[in-house]
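The chain contents come next:
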Amino acid sequence: MEALAFNVSNGFLEGIVRGYKGALLNQSNYHNLTQCENLEDFRLQLSSTDYGNFLANEPLPLSTATIADKATEKLVSEFNFIRTNATEPLATFMDYITYAYMIDNVVLLTLGTLHERDTHELLDRCHPLGVFDTMPALCVATNVEELYHSVLVETPLAPYFKDCLSAQDLDDLNIEIIRNSLYKAYLEDFHKFCQTLPAPTSEVMSRILAFEADRRTLNITINSFGTELSKDQRARLFPTIGRLYPEGNNALARAEDIESVVAAVDHISEYRAFFDKSGAASNQNGGAANGTGDEGSSLEDEFFKHDVELNKHSFLQQFQFGVFYSFVKLKEQEVRNLTWIAECIAQDAKDRINDYIA
Amino acid sequence: MSSEYPSFFTSEEMSLVQIYIPSETAHSTISELAELGVVQIKDLNPSVSSFQRPFTPRLRRLAEAARRLRLFEGQIKSLSPPLGIPPLSAIPPFPTVGPRAQNAYDELEERLKEHEKKLSDINRSFEELSKRRGELEEKSSVLKETAGFFNEAEHRHTEIRTSFDDGDGTQPLLEHAAEYGTLPGDSGLSGFDLEFVSGTIERTRMPTFERILWRILRGNLYMNYAEIEEPFVDATSGKETVKDVFIIFAHGAELLGKIRKVSESMGATLYTIDSSQDKRADALREVSTRLEDTDQVLNNINQTRRVELSKIAENLEAWKDAIRREEEVYKTMNLLSYDQGRKTLVAEAWCPTRDLTNIQLGLRRAMETAGTSVPAILSELRTHQTPPTYFQTNKVTEPFQAMMDAYGIPTYQEISAGTIAVVTFPFLYGLMFSDTFHGFLVLLTGAALIFYEKKLSQKKLDEMLGMLFFGRYNLLLMGIFSMYAGFMYNDFASKSVTIWQSGWEWPEDANGTVAAESTGKVYPFGLDPAWNGAVNSLQFTNSLKMKLAIVIGVLHMTFGICLQVPNHIRFKQRISIYVEFIPQILFLWSIFGYLIVLIIAKWATDWSKSATGPPGLLNLLIGIFLSPGTVDPATQMYPGQAFVQVTLLLIAVACVPVHLLGKPYFLYREHQRVVGQGYRGLTGQENGHPTSDVDEDEEDGVGQAVADEGHEEHPWDFADIMVHQVIHTIEFCLGCISNTASYLRLWALSLAHSQLSDVLWTMTIEKAFLFEGGIVVQSVFIFFMFAMWLALTVFILCCMEGLGSFLHAVRLHWVEFNSKFAMCTGIAFQPLSFAFEDDDADA
């Protein structure tokens, strides 16, 4: 029945977003991009894609930052176009997408202020999708309560903050905890919201969000090894959705080393595959015992790949909002890829140029 | 092989040529070819990605130069008062070819670079100064506005005090500021005094700013703000921003620090001012003197900038044109295959066969301009590739050809309806737009556009007028044919024109219903004017127009089917004439051909003297199918009618299986013959389609190069052919019926048109004519009603109805006519040329 009325209010936007998706770079575009000798070639190559001459009026020499900025600008303008045209409940759905970027911006600003960076520089680095009115005021906050009362109380993030108020001082660890508990609350809320939407949307989104939650859970666990984060605190940061919840989360809460993490996710074959692959990768790089840093990074890549895969799948189903979420994520990944390739070209590090995720 | 005359009905004969160009003449050769505009260069390196091609670095430099030019143009255009850019025709041309061209381009590049540097220097100082000026302005408005606050505070300090006391007892009192009068700004010299922060902020951010401050300081502030009336203009982007002045009183260094931090991160600019009135006055004076100084300097800089830009503007168009030409040339050179030895470039190109000599001459000219003695060598290739479709058009045939191409680009050397449409299109249009007066208006429009052709073609027209201008000959012909049809239907803005004597006479004593009596004469041309106003006039004209529409429709379709024949002959499918063309013609004519014969017979018979009554032709036609072999004796038209009709029906039915199975059968036999002789496709795929004649041609071309790539071999698939033929048959048989009905629009639109103009006449001007109320009032009434009538005639009857008739005429050509013969699998010929689209300047 949902399919019957979907197009009335959202058909146009779905068409637009599918058009945008069709304009994403494909394998052969990436292949051509990696062949480029310098950034001018890069610009020439991109001009034949949907990016068109988005760099045409930039004076030479180009910098990687300009490319990333311009590409993000395109993403943002596309997002805003959809957002402005959206009706309820799609509009709320689109707003939810921006909350994740808001959280990132909040954390970035607070961390930056803590380390006494220049505010304007920080503001420039914020993701434009997560900008909100009162954001600049974040830089005056010195403790959590102030942060909440002066700035966040009127943002949509306010309800997510209630778990964080226990922490008093703003230091690196606490900010990290705030980030993760915000994220946990956000994911749970977003998930709950998606469940109120009719069937195809809720299915597709719960698949994607479940993975997102699991990824965070695993990351938190792995990154907490060797820090002063207690197991109790750690367990509180795990989102209560996802395929690992609850027993996997419980096992992870008790985990002390990477082996027990692997054991905890053993019953989900996809996740096990990540560890197998990343383990194999780090083996090639010189032994499994090389520490978690190396393993972490390739594990991250596996996560990204799976994420991209999930997002691509969401385009297979029609009459649902998942495509909007997925488009933003895919486009973001594309911008990351472009930046990576451009960076590799600029720094002449051709050997790693193929580490993009398409 | 090559004919000197343009081929009227088919596309130009094309040749594939190979041109060996010595690298030193390459540039002038390509630009010469582009001037000629009759060559389509093929991409010989499709596998090489764009940035690996040999001339890409050069192109990149040109792109950079083009960017600079765009930058200059943008700045010139944003100057106020505006600076005129002289058009291309008014300035000396840039040497784009010849031995010195290369140098000229390099010089140009250098020059542009210099200009850019100079400009950016000027702009930078300009920007800096205007920024400073903006700051000064802001400061002066801060000073002015805050003066207001302070004054207010002095007058109303008691009030303010009360309000502060209500809120928070620990608040410092504002009156101190007034009493002491020497409050330091924000230097924090004295811990006791009330301190404040003042500055400017964008108006849109004001509410947020206020809210944040309120929350951060928990209400421990007194804030006041005022709007600055004049907007601030950003020097580089020209954007206007409106700002507010604010002043915030708060207490304590920490709070002030916070305020400052928030204001800065919100994008506000802070200005230090003094709370004492004298000092503020001093500061204001100082600021205004500095403002004056800055203004002067700014003015000077602006002058320099203007001079610099006007220098650029002089040649801008020439440079732009030159850069675009150069880009086109190098883009084309990237398509050529570049020899390893770097001595020659090889181009493969399509060109019309009869332009070969022209191209040869052009190559020689290019050699001369390049100043070398090695000419480019042109040789013709034989090929199996399908050449692109190119129609040589002139200004009359161009719009018609464009209209037909919009349906589909005709296959190479296929008969195209373009030239034919020059007559058929306005004719069908005229039948629908049938009104002498309205046709005359259209004719005038077309004639005016043609009369001012030279003037108009130089101007840049807007979309509407441009389209009309493009189809000016179309309009002229449409007008002529509409007038013709108008005479035929005797329609002049819904009135009849009596040129000759009418064949009918009205009785003298007119009471009740009267019947006109024939005088025995026949009106020489068109409809008798006596019909106008008769009670049964609509009945009569409808019957006439409807029948005429069918007659013309069937003839038009027959013509379309006949156009297959030259196609079949040209593409060596003689068999199709017997199994497609003949069955189709028989099918159409045994049903609808018979119908039009009956129509004419019915017209020609004097039914008042005939023994039988007139038959209803529609019922008769239906009767042929539903009850074959029976004819109502009361309306029988001729003896043996039943037999003839059955025979025709049988012929029509017999045509269907012939059309359906004939072609597949012959193709199958041909295939069997080829296979029987032992020929097989080398790849294991059977290759049996009849190309044997072409293959033989190839052999006598010994010694000539043969470009054979792209000659695709289709596997022989009987099922495919069969399915295709089934679709074709169904489409044709059903199409005959629906298309014939479709031609009824010739009647329907004509009816609508005449009725509409009739209504318009009676509703407006006739009312005025019949009005009785004194000569003056009636004159005024007529005057206004005439204006209204004319305006509505032009807009509704000529523009709207004209557009409607146009669309229907297009449809009749595309669907009913073209579907009978056109294959339309061609590729349009896109010659290399310097004629640029105007709108790419916007990109």
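If you're wondering where the values come from, they're calculated on a predicted model, not measured in any experiment. (Residues numbered from 1 in each chain as written. Chains lettered and ligands numbered in written order. Predicted model: local features only at pLDDT ≥ 70, side-chain atom pairs only at ≥ 80, totals over all residues. Heavy atoms only, no water.)

Draft legend 1. Local environment of the overall build of chain A. Along the backbone of chain A there are 15 helices and zero strands. Across the 358 residues in chain A, those meeting the buried criterion constitute 53%. For chain A, the proportion of contacts with a sequence separation of at least 24, taken over those separated by at least 6, is 66%. About 15800 Å² of surface is accessible on chain A, with carbon and sulfur atoms providing 49% of the total. (Helix = DSSP H or I, 4+ residues; strand = E, 2+ residues; numbered from the N terminus. Buried < 20%, exposed > 50% of the residue type's maximum accessible area, 1.4 Å probe, protein only. Contact = heavy atoms within 4.5 Å. Areas by Shrake-Rupley, 256 points an atom, 1.4 Å probe, with all protein chains shown as cover.)

Draft legend 2. Highlighting the overall build of chain B. Each helix and strand counted, chain B has 25 helices and 14 strands in total. Relative to its full complement of 843 residues, chain B shows a buried share of 44%. In chain B, once contacts between residues fewer than 6 apart in sequence are set aside, the share between residues at least 24 apart is 80%. Summed over all atoms, the accessible surface of chain B reaches about 44600 Å², with 59% contributed by carbon and sulfur.

Draft legend 3. Structural view of the interface of chain A and chain B. If you look at the interface, chain A gives 29 residues, while chain B gives 20 residues. Roughly 2100 Å² of surface becomes buried between chain A and chain B when both sides are summed, with 56% attributable to carbon and sulfur atoms. Applying the counting rule to chain A against chain B returns zero salt bridges. On inspection of chain A and its partner chain B, the count reaches zero residue pairs in polar contact (both at pLDDT 80 or more). Only helix 3 (39-47), helix 6 (119-125) and helix 7 (144-151) of chain A provide two or more residues apiece to the side of chain A that touches chain B. (Buried area = accessible area lost by both parts, 1.4 Å probe. Salt bridge = Lys/Arg side-chain N within 4 Å of Asp/Glu carboxyl O. Polar contact = N/O pair within 3.5 Å; in protein donor to acceptor, adjacent residues only side chain to side chain.)

Draft legend 4. Focus on the packing of aromatic side chains. Under the counting rule described, the total for this entry stands at 43 aromatic pairs over all chains. Relative to Phe190(A), the ring of Tyr96(A) has its centre 5.0 Å away and its plane inclined at 5°; by these criteria the two rings are stacked. Here Phe190(A) lies in helix 8 (residues 172-196) and Tyr96(A) lies in helix 5 (residues 90-114), a separation of 94 residues in the sequence. Residue Tyr96(A) is classed as buried on the basis of its relative accessible area of 9%. Directly above the aromatic system of Phe304(A) lies the positively charged group of Arg215(A), at a separation of 5.2 Å from the ring centroid. In this arrangement the basic side chain of Lys545(B) is found over the ring face of Tyr489(B), its NZ or CZ atom lying 4.6 Å from the centre. (Phe/Tyr/Trp six-rings, centres within 6.5 Å; stacked < 30°, edge-to-face > 60°. Lys NZ or Arg CZ within 6 Å of the ring centre and 35° of its normal.)

Draft legend 5. Summary view of the confidence of the model for chain A. Per-residue confidence for chain A gives a mean pLDDT of 79, with 88% of residues at or over 70. Across residues 282-295 of chain A, where pLDDT falls below 50, the model places ten contacts with residues more than four positions away in sequence or in other chains. (pLDDT = per-residue confidence, 0-100.)

Draft legend 6. Highlighting the packing of helix 5 of chain A against helix 8 of chain A. All names here are of chain A. Axis separation between helix 5 and helix 8 bottoms out at 10 Å; the angle between their running directions is 175°. In terms of orientation, helix 5 lies roughly antiparallel with respect to helix 8. Between helix 5, through Thr92, Phe93, Tyr96, Ile97, Tyr99, Ala100, Ile103, Asp104, Val107, Thr110, Leu111 and Leu114, and helix 8, the contact on the second element is made entirely by Asp172, Ile175, Arg179, Leu182, Tyr183, Tyr186, Asp189, Phe190, Phe193 and Cys194. Counted by class, the contact of helix 5 with helix 8 contains 16 nonpolar, two polar and four charged residues. (Axes fitted to C-alpha atoms, helices over the stretch in contact; angles between N-to-C directions. Parallel < 35°, antiparallel > 145°, perpendicular 65-115°, else oblique. Nonpolar A, V, L, I, M, F, W, Y, C, P; charged D, E, K, R; others polar.)

Draft legend 7. Molecular detail of the sheet that holds strand 3 (residues 195-202) of chain B. All names here are of chain B. If you walk across this open sheet you meet the four strands as 4-7-3-8, and the pairing is antiparallel. Each edge of the open sheet is held by one strand with a lone partner, namely strand 4 (222-227) and strand 8 (269-270). By the bridge criterion, six bridges tie strand 4 to strand 7 (residues 243-250) in an arrangement that is antiparallel. Paired with glutamate 227 across the two strands is aspartate 244, which belongs to strand 7. Together, strand 3, strand 4 and strand 7 form the strand contacts of helix 6 (residues 206-216), whose direction differs from that of strand 4 by roughly 175°. (Pairing = 2+ DSSP bridges.)

Draft legend 8. The nonpolar core, seen in detail. Counting residues in hydrophobic clusters, the biggest one holds 108 residues, and the most contacted among them are Phe93(A), Leu152(A), Tyr186(A), Phe190(A), Phe324(A), Phe209(B) and Leu213(B). Ranked by residues supplied to this core, first place goes to helix 5 of chain A with 14 residues. In this view, Phe190(A) contacts Phe93(A), Tyr96(A), Met205(A), Leu209(A) and Tyr325(A); residues no more than four positions away in its chain are not counted. If you look at the next biggest cluster of nonpolar residues, it comprises 69 residues, including Leu456(B), Ala549(B), Cys736(B) and Ala809(B). (Core = buried A, V, L, I, M, F, W, Y, C linked by side-chain atoms within 4.5 Å.)

Draft legend 9. Up close: the confidence of the model for chain B. Residues and elements named next belong to chain B. For chain B, per-residue confidence averages 80 on the pLDDT scale, and 86% of positions sit at 70 or higher. Here residues 158-192 is a poorly scored stretch, pLDDT under 50, and it has 43 contacts once near neighbours within four places are set aside; other chains count. Segment residues 837-843: pLDDT under 50, and four contacts once partners within four positions in sequence are set aside and those in other chains are kept. Scored as a complex, the prediction yields pTM 0.68 and ipTM 0.71.

Draft legend 10. Broad picture of the UniProt feature "transmembrane region" (unreviewed entry) in chain B. Residue and element names in this part refer to chain B. Under the present numbering, the feature "transmembrane region" (unreviewed entry) in UniProt falls on residues 427-452, 464-487, 546-565, 577-601, 642-662 and 775-797. Secondary structure within residues 546-565 divides into 95% helix and 0% strand; the distance between the first and last C-alpha atoms comes to 30 Å. In the segment residues 775-797, helix accounts for 100% and strand for 0%; the C-alpha atoms at its two ends are 30 Å apart. (UniProt positions renumbered as here; feature names shortened; annotations may be inferred.)

Draft legend 11. Quick look at the environment of Trp214(B). Secondary-structure assignment places Trp214(B) in helix 6. Residues in contact with Trp214(B), not counting those within four places in the same chain, are Gly219(B) and Leu221(B).

Draft legend 12. How the structure looks around the pattern of salt bridges. Residue and element names in this part refer to chain B. Scanning the model with the defined rule gives 42 salt bridges over all chains in all. Between glutamate 348 and lysine 42 there is a salt bridge, with the nearest N and O atoms lying 3.5 Å from each other. Here lysine 42 lies in the loop between strand 2 (40-41) and helix 2 (56-78) and glutamate 348 lies in strand 10 (residues 344-352), a separation of 306 residues in the sequence. Each member of the pair, glutamate 348 as well as lysine 42, carries the same accessibility label: buried. A salt bridge links aspartate 244 to arginine 203; its shortest N-O distance comes to 2.9 Å.

Draft legend 13. The side chain of Glu212(A), seen in detail. Residue and element names in this part refer to chain A. Locating glutamate 212 in the fold gives a position in helix 9 (residues 199-224). Residue glutamate 212 is classed as buried on the basis of its relative accessible area, which comes to 6%. Not counting chain neighbours up to four residues away, the residues in contact with glutamate 212 comprise Leu187, Asp307 and Tyr325.

Draft legend 14. Up close: the side chain of Thr72(A). Locating Thr72(A) in the fold gives a position in helix 4 (residues 64-85). Thr72(A) has contacts with His127(A), Pro128(A) and Val335(A), leaving out every residue within four places of it along the chain.

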